[in-house]
Every structure is written in structure tokens, then in C-alpha cells.
Amino acid sequence: MAAAAAMPLATQAQENVLNLYSARHYQTDEALYDNFTKATGIKINRVDADDAGILARLKSEGSASPADVILLVDAARLWRAEVDGLFQPVQDKLLESRIPAHLRGKNDGQGSQWFGFSTRARVVVYNKQVVARDDVDTYEELADPKNRGKLCTRSGSHPYNLSLFGAMMEHLGPVKTEAWLKGLVSNMARPPKGGDTDQIKAVASGECAIAVTNSYYLARLMRSDKAEDKAVVDQIAVVMPNQATTGTHVNIAGGAVARHAKNRAAAVRFLEYLASDAAQSYFANGNNEWPAVPGLKLANPALDKLGTFKTESVPISVIGMNQVKVQQMLDRVGYK
């Protein structure tokens, strides 16, 4: 009788803990996690790493992994983890009603294995003193000889760029994509280095004249009260590429229940929380990402200024499958 009586208590204790592996390295997310704990009483134990590190750790840990929820910041990595069997399906009416079908994993009848909770666009920023908007309003033009010596990027092998390049391969085909990547290398003002914010600042300082960045890095600078950030924003302009053709490349940050989650109920509850109005508004207003849930009213002047735009419709699975070939192209053309 004593053992039987203890079982519900053990279950309850287990459900009051959530082990989270997160590739989201944003200080503003701390409040997001704290609010979940305050609302539910579930304590979050967090492990931080990049997408690749998290996937490698999950594979290494196998069935002994303590992970309950996985948060990744790249759609192709979410797809890769699903293919590698690192997630488990979730059939949940709330998530299915809140997150649009194109922002979650395919439901094979057992539920989706991952859900996108926020989106970010891969935009072009340029020095408006030396570059005309019409010369950079498509991704293809970034490789045009007219922009020789003007381009700055971070590493070509970074997930944000790999996803963009994987999408471009679907639009252009492999031969034209490799030629395009070679053109990007030819147009570099300096070797790839730094993060997206570094590229924006390089454009403002005159180190280069054109760069590619995720939208939330730009929005962060647009909302800053620091004089040096205001000076950067004053020197640059932004364009949402390919509005007349395929649309702007959009990536997602998303979450999933780990395959060997010990606290599944708490994990699903956390995903439901990320789809709530409060959390979705926080992604927009706290970290300058567009929420996945449609129709929410935002209080973010930077996102309002960036406005509405046409997005591409390449399936995430296709982007993921293309990345191996893209990496081989990068090696051949010398895009570090």
C-alpha cells in the first residue's frame, strides 16, 4: 500500500521538472522561461548549445538522455533531427489549431514531431549612400559583377546561410546555384567573419556596402537607445529580396519533444505555452521575431517598420535535403 500511495507523488514530482536543451541564446528568453515556471510550477533545467551541438549530444546520450524539450533556431536542423529519430510525435489539438501547418512537421497520423514558434527573414542591408536599392532587391543580384567588392557575410557554413542557400538551390537548380555562390565569393569585400550584427555594422562603417542578416538582428539595432546603434541604422537601408519573384527566405525557431523524454506531459505543456498569446507576443516584442500564430497584434515599432512582405514557399524538408550538396559547393568555390 505504501508503494502504491507513493507512485502518484513520484509522478507529480517528475512532471514538475522540465529538462530543456536550447539553441536559443537570447537573454530576453529568461523572462519567457520564468513566466512558464510561475504559471505552472514546473522548474526548467536548461542546457545551452548550438543546434549542431544539441543534435550531437542527443545522439551520444541515446535512450539515457534527460532531455524533454528541444529548441532549435534553424528549420533544416529541425528536419534533420526528425529524420535522425531524435524527436517523438505530438498529437495536440491546441498546437494544431495555433501553429499553421506549414510551420510544423508533417503529421503522418501520429502527430507532428516539431512546431515552429517564431519566424525571421533573411534580408539584405545596404549602405544607402553608395548602393542603389534596385541593385540589391534580389538574392541573385548579390552575385552580380556590378556588386564586386561590396559584399560582407558571416561563414557560408553557418545554418542561417546554409538554409538560404538550400532554398536558392531549389529555385535555381544545382548548376546555377554553384555559379551564384562563386559570384558571392567574387563579390566579397573581405573574408567571411563574425555574426549578423557584425555584418550590419560593417555596412554602416564602410567596410563593405552590402550584407545579409536575419531580420531580428536588424530590428534589435532599430529599437536600441544607444547612440552608436542609432548611427548604424542611419547609415543603412533594408530590402526584402525577391518580392517580384520567389519571395524572401524565412527561417523558423521551433521546438519538439525529445524522443526519450521522461517528462512528456510537462514537455507538451511547455510547447502549448510557447503557442500562447503571451509567449507569442514575447517572441515579437522581446526578441523581434514574427510570431508563428497568425493575427496577433504586435507592439514592436521595428517589425511594423519592416512591414508585410511576400515569403518563399520552399518546403523545409527540401531545404534540409539540399544542405549536403550546398556544403560541397561551398567547399568547391572557396566560400569559408
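In this report, the structure presented in the accompanying data block is examined. Being a predicted model, the structure only gives us computed values, none of them experimental. (Residues numbered from 1 in each chain as written. Predicted model: local features only at pLDDT ≥ 70, side-chain atom pairs only at ≥ 80, totals over all residues. Heavy atoms only, no water.)

1. Some details on the packing of aromatic side chains
Counted according to the given criterion, the structure contains eight aromatic pairs. Judged by centre distance (6.3 Å) and plane angle (40°), the rings of Tyr33 and Phe270 are tilted. Separated by 237 residues along the polypeptide, Tyr33 in helix α2 (residues 29-40) and Phe270 in helix α11 (residues 264-274) bring together distant segments of the chain. Look at Phe270 and you get buried, because its relative accessible area is 0%. Seen in terms of ring centroids, Trp290 and Phe309 are 5.3 Å apart; in terms of plane orientation they differ by 65°. Their pairing is edge-to-face. One end of the pair, Trp290, is in strand β10 (residues 290-291); the other, Phe309, is in the loop between α13 (301-306) and α14 (316-333), and 19 residues separate them in sequence. Under the relative-accessibility criterion, Trp290 is labelled buried at 13%. Connected via pairs of aromatic rings, a cluster forms that spans Tyr33, Phe36, Phe270 and Tyr273. (Phe/Tyr/Trp six-rings, centres within 6.5 Å; stacked < 30°, edge-to-face > 60°. Helix = DSSP H or I, 4+ residues; strand = E, 2+ residues; numbered from the N terminus. Buried < 20%, exposed > 50% of the residue type's maximum accessible area, 1.4 Å probe, protein only.)

2. Observations regarding the state of the cysteines
Joining two cysteines, a disulfide is a covalent bond between their sulfur atoms. Summed over all chains, the structure comprises one disulfide. Two residues share a disulfide in this structure: Cys152 and Cys208, whose sulfurs sit 2.2 Å from each other. Across the S-S bond linking Cys152 and Cys208, the dihedral sits near -125°, which makes this disulfide left-handed. Note that Cys152 is positioned in strand β6 (residues 151-152) and Cys208 in the loop between α8 (196-205) and β7 (210-214), a separation of 56 residues in sequence. What makes Cys208 buried here is its relative accessible area of 4%. (Disulfide = S-S within 2.5 Å.)

3. What to know about the nonpolar core
Formed by 73 residues in total, the largest nonpolar core has its most connected members in Leu18, Ile70, Phe87, Phe117 and Phe270. At seven residues, the largest contribution of residues to this core is made by α11. Apart from the residues lying within four places of it in its own chain, the contact partners of Phe117 are Leu95, Ile99, Ala253, Gly254, Gly255, Leu271, Leu274, Ala275, Gln280, Phe283, Pro291 and Ala292. By size, the runner-up hydrophobic cluster in this structure holds 27 residues, among which are Phe165, Ala209, Ile210 and Leu330. (Core = buried A, V, L, I, M, F, W, Y, C linked by side-chain atoms within 4.5 Å. Contact = heavy atoms within 4.5 Å.)

So far we have only geometry, and geometry alone does not tell us how the molecule works.
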